[in-house]
Amino acid sequence: MTQQTLVLIKPDGLKKSLTGNVLTRLSETKLDIVASKIVKVSRQLAEQHYSMLKDKPFYEDLLKYIMGDYHKRKVMALVYWGEDAIGKVRQICGSTNPEEADPVSIRGAYGRITTKGVYENVIHASTNEQEAEREIKLWFQPEEVIVDLYPTKTVKKTREERAWA
Ligand code: UDP
Ligand code: MG
């Protein structure tokens, strides 16, 4: 099954200069990167991304974590594309809890649990096709992804936009 999956290198990964290491590990999958950008995560984007976890006790801290309150205010967002992309990326990421994750996985090697109990696990990766579609559409516009997987439509946008002066 050809899939796309959303990867985020979270603010702890950027703060610790792990971008290169993480991308090198992910290149073992032989998947294609079809979108990438650096994002300053707004409260609204953080809430939408983690909407499934809003009832969890760690939710507020999780929002602060992904917005960069504890590290630096940036996230690297990427879309990987290819055969079984979702499972292949999750495999290299490792388990959610960095202390339980395989030590050679990205989370096992670089993650930690804070004194507040938040799992700072360096990387996000979509867990299934439904989640991948929702997340890719949340983080990227169609023209930012160079391989089309999801149908698009043409709409006329009239709002004002920032342009180079
Ligand atoms: N998380 C946490 N404590 C928990 C569970 C999750 O701090 O007990 C954080 C962790 O950073 C995780 C994110 O919330 O990556 C999203 O949780 P999810 O259950 O979706 O795990 P994932 O899909 O990221 O493995
Ligand atoms: Mg998840």
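A brief report on the enclosed structure follows. It should be emphasised that the depicted structure is a prediction, and the values quoted were computed from it without experimental measurement.

Some details on the site of ligand 1
Lining the immediate environment of ligand 1, one finds 13 residues, of which Arg-90, Thr-96, Arg-107, Tyr-119 and Asn-121 sit closest. One of the backbone nitrogen or oxygen atoms of Tyr-119 is found 2.8 Å away from an oxygen atom of ligand 1. Interatomic distance of 2.9 Å between a side-chain N/O atom of Asn-121 and an oxygen atom of ligand 1. Isolated, ligand 1 exposes 500 Å² of accessible area, and the fraction of that covered by the protein chains is 81%. For the shell around ligand 1, the per-class residue count stands at 7 nonpolar, 3 polar and 3 charged.

What about helix H7 (residues 129-139)?
Buried within H7 we find Glu-131, Ala-132, Glu-135, Ile-136 and Trp-139. Along the axis of H7, the buried positions cluster into a sector of 125°, meaning they face one direction only. On its buried side, H7 packs onto strand S1 (2-9), strand S2 (32-39), helix H3 (43-49), strand S3 (75-83), helix H5 (85-93) and strand S6 (123-125). With a side-chain oxygen positioned 3.2 Å from the backbone nitrogen of Gln-130, the residue opening H7 is Asn-128.

Quick notes on the packing of aromatic side chains
Under the defined criterion, the tally for this structure stands at 0 aromatic pairs. The positively charged end of Lys-37 is found above the aromatic ring belonging to Phe-140, 4.6 Å away from the centroid.

Observations concerning the nonpolar core
One broad trend across soluble globular proteins is that nonpolar side chains are buried collectively. Counting residues in each nonpolar core, the largest one holds 26 residues, and the members touching the most others are Leu-8, Val-41, Trp-139 and Phe-140. Among the secondary structure elements, those contributing two or more residues to this core are S1, S2, H3, helix H4 (59-67), S3 and H7. A per-element tally of this core places H4 first, with 6 residues. When sequence neighbours within four positions are dropped, the list of residues in contact with Trp-139 reads Leu-6, Leu-8, Lys-37, Val-39, Val-41, Leu-45, His-49, Val-75, Ala-77 and Glu-144. Core analysis: the second largest hydrophobic core is formed by 18 residues, Leu-14, Val-22, Leu-78 and Ala-125 among them.

Points about the sheet that holds S3
Spatial strand order, S2-S3-S1-S6: 4 strands in an open sheet with antiparallel pairing. With partners counted over all chains shown, the strands left at the sheet margins are S2 and S6, one partner each. For this sheet, the mean angle separating the axes of adjacent strands, direction not counted, is 20°. Across 3 bridges, the pairing between S1 and S6 is antiparallel. By the bridge assignment, Val-7 is partnered in S6 with Ala-125.

Description of the side chain of Gln-4
Turning to its location among the elements, Gln-4 is positioned in strand S1. For Gln-4, the side chain forms a polar contact with the main-chain oxygen of Val-147, separated by 2.9 Å. Those residues within four positions of Gln-4 in sequence are excluded, and the remaining contacts are Val-34, Val-79, Tyr-80, Trp-81, Ile-86, Ala-132, Ile-136, Val-145, Val-147, Leu-149 and Tyr-150.

A closer look at the pattern of salt bridges
Between side chains of opposite charge, a pair can form when the charged atoms approach closely. Summed over all chains, the structure comprises 8 salt bridges. Salt-bridge contacts for Arg-25 lead to Glu-28; the nearest nitrogen and oxygen are separated by 2.8 Å. Judged by its relative accessible area of 22%, Arg-25 falls in the partly exposed class. For Glu-28, a relative accessible area of 46% gives the class partly exposed. Among the ionic pairs, Arg-73 bridges to Asp-69, the shortest N-O distance being 2.7 Å.

Cut-offs applied
- Residues take numbers from 1 onward in each chain, read along the sequence in its written order.
- Whichever chain is written first becomes A and whichever ligand is written first becomes 1, with later ones labelled in order.
- For a predicted model such as this one, the threshold for reporting local features is a pLDDT of at least 70, and the threshold for listing and counting side-chain atom pairs is 80 or more; totals across whole chains, interfaces and linings nevertheless cover every residue.
- No hydrogens and no water enter the side-chain calculation; it runs on all heavy atoms of the structure.
- Consider each residue's heavy atoms; a residue with any of them within 4 Å of a molecule or strand counts as near.
- Pairing of N or O atoms within 3.5 Å defines a polar contact, subject to two protein rules: one partner must be a possible hydrogen donor and the other a possible acceptor, and residues neighboring in sequence count only if both atoms are side-chain atoms.
- Note that accessible areas follow from Shrake-Rupley with a 1.4 Å probe, and for residues the cover is restricted to the protein chains shown.
- Charged residues are taken to be Asp, Glu, Lys and Arg, nonpolar residues to be Ala, Val, Leu, Ile, Met, Phe, Trp, Tyr, Cys and Pro, and polar residues to be all remaining types, Gly included.
- Summary of the burial criterion: residues with accessible area below 20% of their type's maximum are buried, those above 50% are exposed, and those between are partly exposed, where the area comes from a 1.4 Å probe applied to protein chains only.
- Strands here mean DSSP runs of E at least two residues long; helices mean DSSP runs of H or I at least four residues long; both are numbered from the N terminus.
- Here, the arc refers to the directions that run from the helix axis to the C-beta atoms.
- By definition, residues are in contact when any of their heavy atoms lie within 4.5 Å.
- Only Phe, Tyr and Trp rings are paired, with Trp represented by its six-membered ring, and only when their centres lie within 6.5 Å; those with planes under 30 degrees apart are stacked, over 60 edge-to-face, the remainder tilted.
- Each ring is checked for a lysine NZ or an arginine CZ that lies within 6 Å of its centre and within 35 degrees of its normal; such an atom marks a charge sitting over the ring.
- Only buried residues count toward a nonpolar core, which is a set of Ala, Val, Leu, Ile, Met, Phe, Trp, Tyr and Cys residues joined through side-chain atoms within 4.5 Å.
- At least two DSSP bridges between two strands are required for those strands to pair.
- In this description, a line fitted to the C-alpha atoms serves as the axis of each element, helices being fitted only across the stretch in contact, and the angle between N-to-C directions of two axes falls anywhere from 0 to 180 degrees.
- Salt bridges are counted wherever a side-chain nitrogen of Lys or Arg sits within 4 Å of a carboxyl oxygen of Asp or Glu.

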